[in-house]
Amino acid sequence: QVRVMESGGGLVQPGGSLRLSCAASGSTFSINAMEWHRQVLGEQREWVAGTSADGTTAFADSVKGRFTVSRDNAKNTVYLQMNSLKPEDTAVYYCKVVVIMKDPIQYEADFWGSGTQVTVSS
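Residues numbered from 1 in each chain as written. Predicted model: local features only at pLDDT ≥ 70, side-chain atom pairs only at ≥ 80, totals over all residues. Heavy atoms only, no water.

### Here's the deal with the packing of aromatic side chains
As a reminder of what qualifies: Pairing of aromatic side chains here covers Phe, Tyr and the six-membered ring of Trp, requires ring centres within 6.5 Å, and sorts the geometry by plane angle: under 30 degrees stacked, over 60 edge-to-face, intermediate tilted. Charges are assigned to positions over rings by a cutoff of 6 Å between ring centre and Lys NZ or Arg CZ, combined with an angular limit of 35 degrees from the ring normal.
A full pass over the atoms with the stated rule returns 0 aromatic pairs. Lying over the aromatic face of Tyr 94, Arg 45 brings its terminal NZ or CZ to 3.7 Å of the ring centre. Against the face of Trp 112 rests Arg 45, its NZ or CZ located 4.9 Å from the ring centre.

If you want it as structure tokens, here you go:
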């Protein structure tokens, strides 16, 4: 089993910045991709950003130009730097890790964190 834990959420004023972290740990595995999603109560979960195994990054149109993603492979961690935050960015942010499991057999699997709250308000 792989455990995924997000951190770094909080309350910030419009125009401010936050940096979220997502760390994966547990069984023997290698990470193919890490993604950020967000969800507002009563709405569908929305894909926000992600990094692929080759380091390619991608972003939803709603955050493009304001958010950036980076990885620390040695720590199995991905970061979401959020700048110029808007009230519309308020949501619970979830990390999804796409991994290749290696113990006891090799197969691809997805694991989700429990989320971290981001609130943008004056």
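### Focus: unusual backbone geometry
Basically, it comes down to this: Helix and strand assignments follow DSSP, with helices taken as H or I runs no shorter than four residues and strands as E runs no shorter than two, numbered in order from the N terminus. Residue exposure (1.4 Å probe, protein chains only): buried if accessible area is under 20% of the type maximum, exposed if over 50%, otherwise partly exposed.
The backbone of Asn 76 sits at a positive phi, close to 50 degrees, despite the residue not being glycine. Considering the arrangement of structural elements, one finds Asn 76 in the loop between β7 (67–72) and β8 (77–82). Residue class for Asn 76 comes out partly exposed when judged on its relative accessible area of 26%. Positive phi values are uncommon outside glycine, yet Ser 84 reaches one of about 50 degrees. Structurally, Ser 84 is set in the loop between β8 and β9 (91–101). For Ser 84, a relative accessible area of 41% gives the class partly exposed.

### Let's talk about the sheet that holds β7
Condition: Any two strands with at least two DSSP-identified bridges between them are counted as paired. Inter-axis angles, ranging from 0 to 180 degrees, are taken between N-to-C directions of lines fitted to C-alpha atoms, where helices are fitted over the stretch in contact.
Spatially, β1-β3-β8-β7 is the arrangement adopted by the 4 strands of the open sheet, whose pairing is antiparallel. Where the open sheet ends on each side, the last strands, each with one partner, are β1 (2–7) and β7. Taking the axes of each pair of neighbouring strands and ignoring which way they run, one obtains an average angle of 15 degrees across the sheet. Both β7 and β8 contribute to a ladder of 6 bridges, which runs antiparallel. Looking at β8, one finds that Thr 68 is bridged to Gln 81.

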